Amino acid sequence: MIVLLLFSSADIGGAERSLSRMTFISKGIDYKVATLGGEGSWSEWIREEGHQPIVFGRATSYNSQLNFTPYWRLATYLRNNAVDMIYVCGLRASIVLRFFRFFFPMIKLVHGVRWNPDSNSRLDQVFRLIERFTHQFVDAWITNSIVAKKTLIERCAIPSEQVFMIYNGLYSLPERVMPLNERPMIVLTVANLSPRKGY
C-alpha cells in the first residue's frame, strides 16, 4: 500500500514530527511524506533524518491565502504516481481534497485531526460545520485523543466506525521511570502554547 502523508504547512510542529516519525519506522506500508507548503523547517528536518520530502508549494511557508498552485502540482503527482491513500493534516487541505475525489475516486482520503474541535472558536465551528455536511467524501478520520474522537462522532455526525484514535507514538519507553512523589516539581506541556489551541 502506498500512502501519501500530506501536511498543509512548510513549518514543523508536534503533528509533523510525530506523524513523520511514524513513516520512518513503518513496515509494510510505503509512505511518501509531502507538504503543500514550500521549502521550510519541516522539509529540512525530513532531509536531516535521511528521507526525501515531496514539496508541492513554492513559497517558503503556507500563507493564509488559498493558493491553488500546490494543489495543481499535487493533482499532477497523483496522475503520474501510484497512491492508494492520502492521509491529510489541515482543514483547508482536507476540504480541497474532498473535491479531488471526483477526479481520483480510487484514492482513499483520511483526515488527521490533531486537536479537539469542541470549542466555540470560529475555527472549531467552521470545522464542525464542514465535517457535518461533507463527511461523505472522507473515508476515515484519525484522532490522537479519545475526546476528539467523541467530538467528531457526536458533534459532526460522523459514523463511529469511520473514526479511529491512535495516540502519538514514542520510539521507546524509558526502562525505569521515577515515581511522581520522588521527582522535583515540573511544569510540562505536551503541545504548542498557541492561542488557537484554546488554553
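Structure first, text after, so check above.
The text that follows walks through the structure, step by step, so that each part is easy to find.

Reading the values: the criteria
- Residues numbered from 1 in each chain as written.
- Predicted model: local features only at pLDDT ≥ 70, side-chain atom pairs only at ≥ 80, totals over all residues.
- Heavy atoms only, no water.
- Core = buried A, V, L, I, M, F, W, Y, C linked by side-chain atoms within 4.5 Å.
- Buried < 20%, exposed > 50% of the residue type's maximum accessible area, 1.4 Å probe, protein only.
- Helix = DSSP H or I, 4+ residues; strand = E, 2+ residues; numbered from the N terminus.
- Contact = heavy atoms within 4.5 Å.
- Phe/Tyr/Trp six-rings, centres within 6.5 Å; stacked < 30°, edge-to-face > 60°.
- Lys NZ or Arg CZ within 6 Å of the ring centre and 35° of its normal.
- Axes fitted to C-alpha atoms, helices over the stretch in contact; angles between N-to-C directions.
- Parallel < 35°, antiparallel > 145°, perpendicular 65-115°, else oblique.
- Left-handed = near helix turned anticlockwise from the far one by under 90°.
- Nonpolar A, V, L, I, M, F, W, Y, C, P; charged D, E, K, R; others polar.

### Some thoughts on the nonpolar core
Argument step 1. Counting residues in each nonpolar core, the largest one holds 31 residues, and the members touching the most others are Leu4, Leu6, Leu74, Leu78, Ile86 and Phe100.
Argument step 2. For this core, the elements supplying multiple residues, two or more each, are β1 (2-7), α3 (69-80), β4 (85-89), α4 (91-100), β5 (108-113) and α5 (122-134).
Argument step 3. The contact partners of Ile86, leaving out residues within four places of it in the chain, are Leu4, Leu6, Leu78, Leu97, Ile107, Lys108, Leu109 and Val110.
Argument step 4. Membership of the second largest hydrophobic core comes to 15 residues, among which are Phe7, Trp45, Tyr87 and Val110.

### So, the packing of aromatic side chains
Argument step 1. One pass over the full model with this rule turns up 7 aromatic pairs.
Argument step 2. Ring geometry for Phe68 versus Tyr71: centroids 6.3 Å apart, planes at 55°, classification tilted.
Argument step 3. Above the face of the Trp45 ring, Arg17 is positioned so that its terminal group lies 5.2 Å from the ring centre.

### Description of the packing of α3 against α4
Each pair of packed helices gets described by two things: the angle between the helix axes and the distance between those axes.
Argument step 1. With their axes 12 Å apart at the nearest point, α3 and α4 run at an angle of 45° to one another. On the basis of the axis angle, α3 is oblique to α4. The two elements α3 and α4 meet at a crossing, and its hand is right-handed. Contact residues: α3 offers Tyr71, Leu74, Ala75 and Leu78, while α4 offers Arg92, Ala93, Val96, Leu97 and Phe100.
Argument step 2. Classifying every residue of the contact of α3 with α4 by side-chain character gives 8 nonpolar, no polar and 1 charged.

Note that all results are geometric; they support no functional claim without further evidence.
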